[in-house]
Amino acid sequence: MPIVPDPRRRASGDTSDTADVRSEYQRDLDRLFYSQYFLRLAEVTQVYAPRPQNSRARGPLLHNRLTHSLKVGQVGRRLAQRLNESAPGGSGIDPDLVEAAGRAHDFGHPPDGHLGERVLDTIARRRGLPDGFEGNAQTFRILAYLATHPTHANLIGDHGLDLTAGVLAACVKYPRPRAAEGEAFYKFGYY
């Protein structure tokens, strides 16, 4: 029987300070919120649409990835809360964990959506990277390796934001590496 890891465990082995009143997942939410990768989402346009002439609003509808990620996190939180309220004995879903996954889901996605992903994938593969580029896999790479948490700069090893195993697992949309040429799946979750 496989061993199930503790979802609140961090790669660094760091545990909460006893004076810290936040849960492990609340700590993750804060780490994501103050990450440079989260803040840069404000610079990436998600939706741009001209408003209809009969609209009372002025100017085009602009929606960036930061706004989108905040909304995804909030909707996820409310869904988790609703499921916990409606299930007999609660569903056991942690709203903080769900919100953290929602906030982080676009960290590795480039501008111009899936078209941008395909362009970057083509460039990366032409330059000899066999896995190319995929936004979800890049999100996982950022969370687990590239982004850094300032209090862990002195720790041995690379732990990224040193998020809990539960939040990292919730961020993996596609639990597989890149498919072989000709296979149906072109989306993958890790390099």
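Along each chain, residue indices are assigned from 1 in the same order as the chain's sequence is written. The predicted origin of the model limits local features to residues at a pLDDT of at least 70 and limits the giving and counting of side-chain atom pairs to 80 or more, whereas totals for whole chains, interfaces and linings rest on all residues. Here the side-chain values reflect all heavy atoms present in the structure, with hydrogen atoms and water set aside.

Caption draft 1: Inspection of the pattern of salt bridges at higher detail. Just to be clear on terms, a salt bridge is a Lys or Arg side-chain nitrogen sitting within 4 Å of an Asp or Glu carboxyl oxygen. Inspection of the entire model under this criterion finds 12 salt bridges. Arg22 serves as the salt-bridge partner of Asp30, at 2.7 Å between the closest nitrogen and oxygen. Whether a residue is buried, partly exposed or exposed follows from its accessible area with a 1.4 Å probe, protein chains only, as a fraction of its type maximum: under 20%, in between, or over 50%, in that order. Since its relative accessible area comes to 29%, Asp30 is described here as partly exposed. Measuring nitrogen to oxygen at the nearest pair gives 3.0 Å for the salt bridge that ties Arg103 to Glu99.

Caption draft 2: Just the side chain of His109, in detail. Here His109 is to be found in the loop between α4 (95-104) and α5 (113-126). Note on definitions: a residue-residue contact is assigned when non-hydrogen atoms from the two residues lie within 4.5 Å. When near neighbours in sequence (up to four residues on either side) are disregarded, His109 contacts Arg40, Arg65, Glu117, Gly135, Asn136, Thr139 and Lys173. Runs of H or I in DSSP of at least four residues are treated as helices and runs of E of at least two as strands, each being numbered from the N terminus.

Caption draft 3: Structural detail: the packing of aromatic side chains. Working definition: rings of Phe, Tyr and Trp (its six-membered ring) pair if their centres are within 6.5 Å, and the pair is stacked with planes under 30 degrees apart, edge-to-face with planes over 60 apart, and tilted otherwise. All chains considered together, the criterion is met by 3 aromatic pairs. Arranged with centres 5.7 Å apart and planes meeting at 45 degrees, the rings of Phe33 and Phe38 form a pair that is tilted. You can call Phe33 partly exposed: its relative accessible area is 34%. Exposure remark for Phe38: the relative accessible area of 1% places this residue in the buried category. Judged by centre distance (6.2 Å) and plane angle (35 degrees), the rings of Phe38 and Phe107 are tilted. Here the residue Phe38 occupies a position in helix α2 (residues 36-39), and Phe107 occupies one in the loop between α4 and α5, the gap between them amounting to 69 residues.

Caption draft 4: Region of interest: the environment of Thr45. Residue placement: Thr45 occurs in strand β1 (residues 45-49). For the pair Thr45 and Pro110, spaced 65 residues apart in the sequence, the C-alpha separation amounts to 9.9 Å. Those residues in contact with Thr45 that sit more than four places away from it in its chain are His63 and Asn64.

Caption draft 5: Structural context of the packing of helix α3 (residues 65-86) against α4. Between α3 and α4, whose axes approach to 7 Å, the crossing angle comes to 155 degrees. Here α3 lies roughly antiparallel to α4, going by the angle between them. Considering the relative orientation of α3 and α4, their crossing is right-handed. Of α4, the residues touching α3 (which contributes Ser69, Leu70, Val72, Gly73, Gly76, Arg77, Ala80, Gln81 and Asn84) are Pro95, Asp96, Val98, Glu99, Gly102 and Arg103. Under the grouping applied here, Gly and all other residues not named as nonpolar or charged are polar, the nonpolar ones being Ala, Val, Leu, Ile, Met, Phe, Trp, Tyr, Cys and Pro and the charged ones Asp, Glu, Lys and Arg. Within the contact of α3 with α4, the residues separate by chemical class into 5 nonpolar, 6 polar and 4 charged. To obtain each axis, a line is fitted to C-alpha atoms, and for helices this fit is confined to the stretch in contact; angles are then taken between N-to-C directions over 0 to 180 degrees. Any angle from 65 to 115 degrees is called roughly perpendicular, while one under 35 is roughly parallel, one over 145 is roughly antiparallel, and all others are oblique. Helix crossings get a hand from a simple test, with the near helix turned counterclockwise from the far one by less than a right angle marking a left-handed crossing and a clockwise turn marking a right-handed one.

Caption draft 6: The arrangement of a nonpolar patch on the surface in detail. Each patch is built from residues that are more than 30% exposed by relative accessible area and take part in no salt bridge. Like charges join if they lie within 9 Å; nonpolar side chains (Val, Leu, Ile, Met, Phe, Trp, Tyr) join within 5 Å. Exposure was quantified through the Shrake-Rupley algorithm and a 1.4 Å probe, taking into account, for residues, occlusion by the shown protein chains and nothing else. A cluster of nonpolar side chains, contributed by Leu115, Val119, Leu120 and Ile123, occupies part of the molecular surface with about 330 Å² of accessible area. Tracing the sequence through the fold places Leu115 in helix α5. Residue Leu115 is classed as exposed on the basis of its relative accessible area of 52%.

Caption draft 7: A look at α5. For α5, built from 14 residues, the straight-helix expectation of 20 Å at 1.5 Å per residue is met to within 8% by its first-to-last C-alpha distance of 20 Å. Within α5, burial applies to Gly116, Glu117, Asp121 and Ala124. Viewed along the axis of α5, the buried residues span an arc of 135 degrees, placing them on a single side of the element. Exposed side of α5, more than 90 degrees from the buried face: Leu115 and Arg126 are the residues found there. Lining the buried residues of α5 we find α6 (135-146). A positive phi of about 95 degrees marks Gly128, the residue just after α5. In this analysis, the expected span of each helix is defined as 1.5 Å times one less than the number of residues it contains. Each C-beta atom gives one direction from the helix axis, and the arc is the one those directions make.

Caption draft 8: Region of interest: unusual backbone geometry. If you check the backbone angles, Asp162 has positive phi at about 55 degrees while not being a glycine. Its place among the elements puts Asp162 in the loop between α6 and α7 (165-171).

Caption draft 9: Representation of α3 within the structure. The end-to-end C-alpha distance of α3 is 31 Å, a good match for the 32 Å that 22 residues give at a rise of 1.5 Å each. Along α3, the residues classified as buried are Arg65, Leu66, His68, Ser69, Gly73, Gly76, Arg77 and Ala80. Taking the backbone nitrogen of Leu66 as reference, a side-chain oxygen 3.0 Å away marks Asn64 as the first, capping residue of α3. In protein, a polar contact means a hydrogen-donor-capable atom and an acceptor-capable atom, both N or O and within 3.5 Å, with residues adjacent in sequence counting only if both atoms are side-chain atoms; elsewhere, any N or O pair within 3.5 Å suffices.

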